[in-house]
Structures are given as C-alpha cells and as structure tokens.
Amino acid sequence: EGVVYGEVRRPCRLMLLVNPHSGRGQALCLFTSHIQHMLTEAGVTHTLIVTERQNHARELVREADLSQWDALVIISGDGLLFEVVNGLMERDDWEEAIQTPLGILPGGSGNALAASIHHYTGSPPGSSEDLLVSCGFLLCKGLVSRLDLVSVSLASGLRLFSFLSLAWGFVADVDIESEKYRYVGAARFTVGTLVRLASLRVYRGRLAYLPAEEPPPRCGASPQGHAPGFCSSLFCQKKASADQGAAHTFRNSCNSNNATKASRSEAPPAASGGPADSLLVPLEQPVPSHWTVVKEEDFVLVLAMYQSHLAEDLLAAPGASLEDGVMHLFYVKAGISRAALLRLFLAMEKGVHLAAGCPDLVYVKVLALRLEPLTPKGVITVDGEVVEYGPVQAQVHSGLARLIAG
Ligand code: ADP
Ligand code: MG
C-alpha cells in the first residue's frame, strides 16, 4: 500500500470531470444516484464538468488555473484519467501541476485503477456499484498517496505518461476489440477474451528490459532469455527512484500564486516537458548492454502493469502497489494452448495465475523496458488507450503523481 502523503484540504474544491459516453453511458447518472450526497455530507464542494469530446478534459486541465482546485477527479474509466495526467504533464509547470491530487470514481467499463485502489484497502472485491461507493468514501476521506507514473516514448518522438499499463498482443487486442461491447460494462473484457481466444494469434517482436533487482535463482518459469554476456553484477541498480530527486512537499492547495500564471505563453505544449528518462537511450540505439534481452521473439502477449488490476475482475499484478517504483512485466510465449491461456485468465480473477506454474508465462519486475514489434500491423495500448504502433520504450518515475486513495 502507498504511504499516506497528506490530506486534501477542508472544505475542499474538486474539479469533477465526467465522460458521458464511458461505460454504459451512465456515469452522470451514477454520480447523482451514489456520490453527490456523499460529497455534500462530507463538505466537499465540486464543479461538475461534462466532457464534450475526446481530449476535452486534457485541454481543460492543460489550461486550468490549478490554484482554484484541491483535486482533479474523474468519473469515467481509466481513459479519462489518462487525459488528465497527460494534460498536467504537458504544462510548462508540470512539476508542480502533477502534484495536484487526482481522484477516480469508476463510471466506465475499464475501471482498473479504481479496482486497484479498492483492492489496496484490503476490502474484498465487490460489484461495480460497491466499487463506486467504496471509491466515493475514499474520495470523501481525502487521504493522498504518491502514485508511480511511467513515461512511454514512441517512435515519433512523442512521450506519454501512464499510470496503469502498457500492452501489446492479446491484451491490447482485447482492450480495443471489446470497446464495441462497452454496453455490457466491465464484462466487455470477458466477452473480448473469449472472442480473441477463438482466433488466437502470435505476435513477433523483440523485448528487452532492465530488471528491478537481481533475478533470484529460480525454479520453474524463469526468464531464460538473458543475452549472451549477461552479468548479474550489473543489476544492482536498486529502485532508481532517485531519479525523482528530493522529496516533494505536498501542495496543500493554500498556495494560490496567481502571479506566476500570468506569464504563461500560448505556445503549444513542449514535447520535452516532464522528467528526464535517465535509464533509456534513444530508440535508434541498441539497449544498454546490462539490460536483459528476451531470447524469444514470438509472443502471445506482453503486458507491463504498475497497479494491481487490469480490469475490475482481473487481478493481474497481485504484488503491485501505488508507489513500488517498478513495472510488473508479464509475457506469454507463443506455443501456449488456448486451454492454458484460458486457465491463466480464469486464475487471474483471483490473482493466482502466477502460482499456476505455467511454463509459458514469465513475470519479472523491471525499471525500464523496450518493445520492438516485428509483426507489421498491430495494437499497442497505454492505460487502455491506443497509441501509435511501432517501437516503444518506457521507464518508471516513482511517486511522480498524487492520488486520493485509502
Ligand atoms: P471506458 O472505461 O468505458 O472505456 P474511458 O474513460 O476509458 O471509459 O473513456 C473512453 C474514451 O472516451 C477515452 O478514449 C476518452 O478519452 C474518451 N472520451 C472522454 N470524454 C469523451 C466524450 N465526451 N466523448 C467521447 N469520448 C470521450
Ligand atoms: Mg477506456
């Protein structure tokens, strides 16, 4: 669990962003029926903003006077929070802006971060409405934790910030193909998984990573793909969260220094905003020699997770927490049978897939990774959103953001 970092100021003012098209299109209705009275009783004042189109929230947050808000909260799926995080990181004052406490109320069909927060409190999994009410209470409590972000660099030079996942292959395909089943809510991933299993594919590509710790002597499923010349003594770079610099002070919202806002230029957001990726070399160069290069080039899926849940009922990374400073990297090698893959996904509902001893599943904690797809066409998703297909690399920035969690 994340260390509680502070509390949202009382009485507090929330910017509450709603995506009216998320999930079954009921986010606004869920808000009025389950959350509004809770906030009123807790003395949480809020301004409700219904987004009009994709990237509306991103633009609003990029331009907002953040001194007016104690927290930015979304009622939607993970996609709307992805907009908010990237809107903040695109600002000239990103370093301060990204410390604005964020909150999430599950109103979408992909509510993985909300499910993760609920899971970290130790509560048993509940229905979608239980999850919403649980997150509503956490929001009223207002305890702020740090949240890891991962910077994701694409071949075009674009850099995105991610709080949940990077996926390629089976999981990314299900994520996108299942959007047409949004009307069934969170069950869209189950439907999508069954459809994709029926036409299981192999994805070709190269995967390399920087392990977070020296790999222990393993029995069973081990990442046997170490490059020639692998030298374990090179792996002792512990959590590179030092990258983050000195501890940030929690911005307790009382600092309304409007003066600094006046000098902001109208120039488009600098693509170079955000912290430096000290662990990465340019995509055109080979990965550093102390990285692990996976021997296999045929995969069924590659998935990096930084929170516990991949979807409301998929506990993909049981060991993950808000600020553990690592990515939980999973890959499944080609050759796995449909039945074995189905068993893995079923086991994932309880988070016991790692104990299943599946020889085709590899799990390793990493600080950075690179994926170079060789299959000419395909889908890569970041936090469930499609990004440009091609080589991609990523690195963790431990505790870069703030999240209202239990
Ligand atoms: P879901 O969990 O149902 O997928 P998301 O929050 O992930 O819900 O939102 C789905 C997509 O809708 C995201 O790509 C998001 O950027 C986009 N979006 C946000 N607001 C709007 C809007 N007003 N109209 C259409 N799309 C929107
Ligand atoms: Mg989504």
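Below: a short report on this structure. (Residues numbered from 1 in each chain as written. Chains lettered and ligands numbered in written order. Predicted model: local features only at pLDDT ≥ 70, side-chain atom pairs only at ≥ 80, totals over all residues. Heavy atoms only, no water.)

**Here's the deal with the overall build of the protein**
Piece 1. In terms of regular secondary structure, the protein is built from 10 helices and 16 strands.
Piece 2. Across the 406 residues of the protein, 57% fall into the buried class.
Piece 3. Within the protein, contacts between residues at least 6 apart in sequence are counted, and of these 81% link residues at least 24 apart.
Piece 4. In the form shown here, the protein has an accessible surface area of approximately 16400 Å², with 56% of it arising from carbon and sulfur atoms. (Helix = DSSP H or I, 4+ residues; strand = E, 2+ residues; numbered from the N terminus. Buried < 20%, exposed > 50% of the residue type's maximum accessible area, 1.4 Å probe, protein only. Contact = heavy atoms within 4.5 Å. Areas by Shrake-Rupley, 256 points an atom, 1.4 Å probe, with all protein chains shown as cover.)

**What about the environment of Glu63?**
Piece 1. By the element assignment, Glu63 lies in helix α2 (residues 56-63).
Piece 2. Each C-alpha atom, one on Glu63 and one on Leu88, is 8.9 Å from the other, the two residues being 25 residues apart in sequence.

**A closer look at the packing of aromatic side chains**
The description of an aromatic ring pair rests on the distance of the ring centres and on the angle between the ring planes.
Piece 1. Summed over all chains, the structure comprises 5 aromatic pairs.
Piece 2. Residues Phe299 and Tyr331 carry aromatic rings whose centres are separated by 5.6 Å and whose planes lie at 85° to one another, so their mutual orientation is edge-to-face. Of this pair, Phe299 sits in strand β11 (residues 298-305) while Tyr331 sits in strand β12 (residues 327-333), and the two are 32 residues apart along the sequence. Of the two residues, Phe299 and Tyr331, both sit in the buried class.
Piece 3. Summarising the aromatic geometry, the rings of Phe330 and Tyr363 are spaced 4.8 Å apart at their centres and angled 15° between planes, so their arrangement reads as stacked. Taken together, the residues span a long stretch of sequence, with Phe330 in strand β12 and Tyr363 in strand β13 (residues 361-373) at a distance of 33 residues. Each of the two residues, Phe330 as well as Tyr363, counts as buried.
Piece 4. Among the aromatic residues, those joined into a cluster by ring pairs are Trp168, Tyr203, Phe299 and Tyr331. (Phe/Tyr/Trp six-rings, centres within 6.5 Å; stacked < 30°, edge-to-face > 60°.)

**A short note on empty space enclosed by the protein**
Piece 1. One pass over the full model with this rule turns up 7 cavities of 30 Å³ or more.
Piece 2. Put simply, the largest cavity is a space of about 80 Å³.
Piece 3. Broken down by secondary-structure element, the contributors of at least two residues to the lining of the largest cavity are β11, β12 and α10 (338-348).
Piece 4. For the lining of the largest cavity, the element with the highest residue contribution is α10, accounting for 3 residues. (1 Å grid on protein atoms, 1.4 Å probe; cavity = no way out; pocket = protein on both sides within 12 Å on 5 of 7 lines; lining within 4 Å. Points joined across faces, edges and corners; volume = space filled by probe spheres on them.)

**What about the layout of surface pockets?**
Piece 1. What the largest pocket holds in volume is close to 630 Å³.
Piece 2. Along the wall of the largest pocket there are 37 residues; nearest its centre are Gly79, Glu179, Arg182, Arg188 and Glu385.
Piece 3. Secondary-structure elements contributing two or more residues to the lining of the largest pocket are α3 (78-89), α7 (170-177) and α8 (188-198).
Piece 4. The leading source of residues in the lining of the largest pocket is α3, at 4 residues.
Piece 5. Split by domain, the lining of the largest pocket shows at least three residues from each of two domains, domain 1 (4-150) and domain 2 (162-236 + 278-396). (Domains from an automatic or database assignment.)

**Remarks on the side chain of Asp173**
Piece 1. With respect to the helices and strands, Asp173 occurs in helix α7.
Piece 2. Excluding its chain neighbours within four sequence positions, the residues that come into contact with Asp173 are Ser178, Arg196, Arg201, Tyr203 and Val379.

**Observations concerning the packing of α8 against α10**
Piece 1. As a packed pair, α8 and α10 sit with axes 10 Å apart at the nearest point and diverge in direction by 165°. Overall, the two elements α8 and α10 adopt an arrangement that is roughly antiparallel. Where α8 crosses over α10, the handedness of that crossing is right-handed. Where α8 abuts α10, its residues Thr193, Leu194, Leu197 and Ala198 lie against Arg338, Leu341, Leu342 and Phe345.
Piece 2. Among the residues forming the contact of α8 with α10, the class breakdown is 6 nonpolar, 1 polar and 1 charged. (Axes fitted to C-alpha atoms, helices over the stretch in contact; angles between N-to-C directions. Parallel < 35°, antiparallel > 145°, perpendicular 65-115°, else oblique. Left-handed = near helix turned anticlockwise from the far one by under 90°. Nonpolar A, V, L, I, M, F, W, Y, C, P; charged D, E, K, R; others polar.)

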